[in-house]
Amino acid sequence: MKRFSWGAFVTIALGALIVLTPYGVFPVCEAAVLTAAGGSVPMKCFWTARASLGNGGLAMAAGFLLLFAQNPGLRLGLASLVLAAGLLTVLAPTALIGVCRGETMPCHMGTLPALMLLGGLTMLVGAAMAFKAKKAMPGRACRGRA
Amino acid sequence: MSKNILELHDVSMIYGPVKALQNITLSVQQGEWLAIMGSSGSGKTTMMNIVGCMNKATHGVVVLDGEKISRLNAKDLTAIRRDKIGLIFQQFHLISYLTAVENVMIAQYYHSLADEKEALEALERVGLGHRARHLPRQLSGGEQQRLCIARALINHPKLILADEPTGNLDEANQETVMNIFHQLHAQGSTIIVVTHSPEVAAHARRVVHLEYGRMIRDEVNVECPAA
Amino acid sequence: MNRLTRFQLIRCNLSRKPARACILAGLVALFAFTLFCGTIIGQGVSAGTRLMAERLGADVLFVPYGYESEVQSSLLRGEPSSFFMDSAFAAELRAEAGAEKVTTQLFIATLKAACCTLPVQLIGIDPQTDFVVRPWLADALRRPLAENEVLAGSKIVGQVGDEIMLFGKKLTIAARLDPTGMGFDTSVFMDIGRARRLLLLSDLAPRLNLPEGLDRNTFVSSTLVKVDPATDVRSFANDISQRYAIPYNLDFVMVAGMLSDISARLQAFSAFFYAFSGLLWVLAVIVLALVFSASVQERKKEFGLLRLVGASRAALARVVMQEALLLGAAGALLGVAAAGVLMALFKTYIGVALELPSLSPGFASLALTGGGVFSLGLLAGPLASLPAVRKLGRIDAYLALREEA
């Protein structure tokens, strides 16, 4: 019997928020930086936003697959993917790429904490689903199941 | 000669115009197996409630294990019931969200200390050791009743009180349950079974018949071997 | 499992209806979240206002007529702006009895600073007479500012010795200010003469809109006064205004008035938050009470059975109250934790959005507030379970089982 997966829905929602946050909810700075050679390059927050498109998309795809996946092993794998997407979401604006240094810049005071929060929540959901999937795998005794 | 575990002296239960029990005088010895028989409305359930400390008689004196229980308050009756009586019901009355061993342990929990090892041994004695981790809904009717018996016995009660213990069971399970009762009786337990079934009453050493709240007959079952 | 513990029994029962347990805990969490956020924000604004009152130094700010709100925005929120007045007014003010200290400042909104698009407020200060900015310096600067040196607000990127770019010039950070909770945090300070020269040589110069007759070598933006303690501040301000407002086209802002305005807004904010939190707490208690009462009714058979196996009425009451306590605790913990995480992550955003001086409360304050809010949330459960406990006392064990049979 197919069981309703709240975790999958929540993952899809979080993934969508990760995608939308740097472009809609807490948009990053649009301006470019002038280089010494006279050209202009986007700022760090621009690339963080791009990375969030990928990380959020990954979470959404994994969430969508989790809606249909019944096999506990498969669910464990997909949940681990969700966890990884969440981790990348946290790392992108902090350790991997970064945002503008100014504390009152929109990307620093809005986008960065929002992505950290969404990434953290995605990791929690992923971990919970992985734990549940591991418990359901064959060979593990379950309370009350003959 | 065994001492009396239970004495009823002129016990009545009267609710206004309704006389559920009238002037019952009865003694039950330690180690005895007594059946209380009667049709619906005979007063047997009322008598079970009084003996089981679930209700208080309006008249008369009830002595259980040397203690007068007729005028105790609810709190003291609960303590007596917990310490001295093991109850078995027709409807089983198990806690649905606890496993078999936990259902036994719950009786220990409110008595002294819940001990899983002792509870598992109790389940083994009734042939349910392999079903300890199952929920009640995963057990058959017979298994659930055996679980009730294990729960009733866990605190080593002075008296086992069973209300239609085989009422919801098929023939095979009835026989299994009655065999367990025989084993308990052989080990020295005092058993009172309330039933409307002559087949169940036939297992007991002594049968008391009730009709319209009165005791009309108190007879020894000559076909049953003496304890 | 070797022993059956009370906690296991409670957990077993709550996990039978997980959705209901989550909703009930969620109600308590909502209350705890709201109260914690409101209290921390209120504490932050209160601390910021208190610090501002202690250290700002000035009692009255004289500004060009029509720019009272601009100077408040700049001071409180760091919203950059530029406006100008004659510095001769300051010289006349120094001669007035009742003016204990007088200094001038020049406000310049830059178009952009290094690699960011947000304009930065550049404030020119007179090092000889300044008594407003110096009290905020993190480490005392015992020498005058050099030609290319600036003081940086706490939120300006860069450490002491680092260079920043303003008007195409490289400037060195000589010292940093303590966090003020005000607009100073996002401002850069330099010698007023130097600031004026930079401005006149910059791209901004053609668009300056200096008032007619203003000396391009000595103009300022505001004149700040510390009034003699023996003089009434309002009377002083009114008197000066009457005599100099028309010749110099100026108006004034009283710092005390600004602070009392902030206090009033803070009080209104706090009143709203505490009232709303109180309402949520009452709602949580009522809903919990209704659900627990219904739950006792649902579980009559179970409670009847427990009575029959030897549980006293008091023991059953404890079961119900402890279930309620666990729900309350879980909800309160979740609410406080969620609020704490959100406040920590978004503290700058909240500070800017508030448009009020605001400082982050210390750890001790946070812990105390969290503990208090948690306790109130914890209390909601057992309090709400009292009607259910009373109902429990009326259950007849055997009748309950017979009804269900």
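Reading the values: the criteria
- Residues numbered from 1 in each chain as written.
- Chains lettered and ligands numbered in written order.
- Predicted model: local features only at pLDDT ≥ 70, side-chain atom pairs only at ≥ 80, totals over all residues.
- Heavy atoms only, no water.
- Helix = DSSP H or I, 4+ residues; strand = E, 2+ residues; numbered from the N terminus.
- Rg over C-alpha atoms; globule rule 2.2 N^0.38 Å.
- Buried < 20%, exposed > 50% of the residue type's maximum accessible area, 1.4 Å probe, protein only.
- Contact = heavy atoms within 4.5 Å.
- Areas by Shrake-Rupley, 256 points an atom, 1.4 Å probe, with all protein chains shown as cover.
- Lys, Arg positive; Asp, Glu negative; His and termini not counted.
- Charge placed at Lys NZ, Arg CZ, Asp CG, Glu CD.
- Buried area = accessible area lost by both parts, 1.4 Å probe.
- Salt bridge = Lys/Arg side-chain N within 4 Å of Asp/Glu carboxyl O.
- Pairing = 2+ DSSP bridges.
- Polar contact = N/O pair within 3.5 Å; in protein donor to acceptor, adjacent residues only side chain to side chain.
- Nonpolar A, V, L, I, M, F, W, Y, C, P; charged D, E, K, R; others polar.

A. Main features of the overall build of chain C. What chain C contains, in helices and strands, is 12 helices and nine strands. In summary, chain C has a C-alpha radius of gyration of 31 Å against a globular reference of 22 Å for 405 residues, an excess of more than 25%. Relative to its 405 residues, chain C shows a buried fraction of 52%. Here the contacts in chain C between residues at least 6 apart in sequence split such that 79% fall between residues at least 24 apart. When the accessible surface of chain C is totalled, it reaches about 18200 Å², and 59% of it is carbon and sulfur. Charge separation in chain C, taken as the distance between the mean sites of 39 positive and 34 negative side-chain charges, equals 18 Å.

B. Spatial organisation of the environment of L345 of chain C. Residue and element names in this part refer to chain C. By secondary structure assignment, the location of L345 is in helix α9 (residues 313-345). With relative accessibility at 25%, the residue L345 sits in the partly exposed group. Along the chain, L345 and L326 lie 19 residues apart, while their C-alpha atoms are 28 Å from each other.

C. View of the interface of chain B and chain C. Listed as interface residues are 28 residues of chain B and, on the opposing side, 29 residues of chain C. Summing both partners gives a buried area of about 2600 Å² for chain B against chain C, and 64% of it is carried by carbon and sulfur. Of all residues in chain B, H93, Y97 and Y110 of chain B bury the most surface against chain C, accounting for 28% of the area lost on that side. Viewed at the interface, chain C and chain B are joined by zero salt bridges. Only α1 (44-51), α2 (74-84) and α3 (100-111) of chain B provide two or more residues apiece to the side of chain B that touches chain C. Broken down by element, the residue count for the side of chain B that touches chain C peaks at six residues, all from α3 of chain B.

D. Expanded view of the sheet that holds strand β2 (residues 18-29) of chain B. As summarised here, the arrangement of the four strands in space is β2-β1-β4-β5 (chain B), forming an open sheet in which the pairing is antiparallel. Where the open sheet ends on each side, the last strands, each with one partner, are β2 and β5 (67-68) of chain B.

E. Geometry of the interface of chain C and chain A. Chain C puts 16 residues into the contact, and the matching count from chain A is 17 residues. Interface area for chain C against chain A, summed over the two sides, is near 1500 Å², with a carbon-plus-sulfur share of 79%. Counting across the chain C and chain A interface gives zero residue pairs in polar contact (both at pLDDT 80 or more). Of the residues assigned to the side of chain C that touches chain A, the class counts are 11 nonpolar, four polar and one charged.

F. Representation of unusual backbone geometry in the model. One non-glycine residue, N23 of chain B, adopts positive backbone phi at about 50°. By the secondary structure assignment, N23 of chain B is in strand β2. One non-glycine residue, N249 of chain C, adopts positive backbone phi at about 55°. With respect to the element layout, N249 of chain C can be found in the loop between α6 (233-248) and β9 (250-254). On the accessibility criterion, N249 of chain C (45% relative accessible area) is partly exposed.

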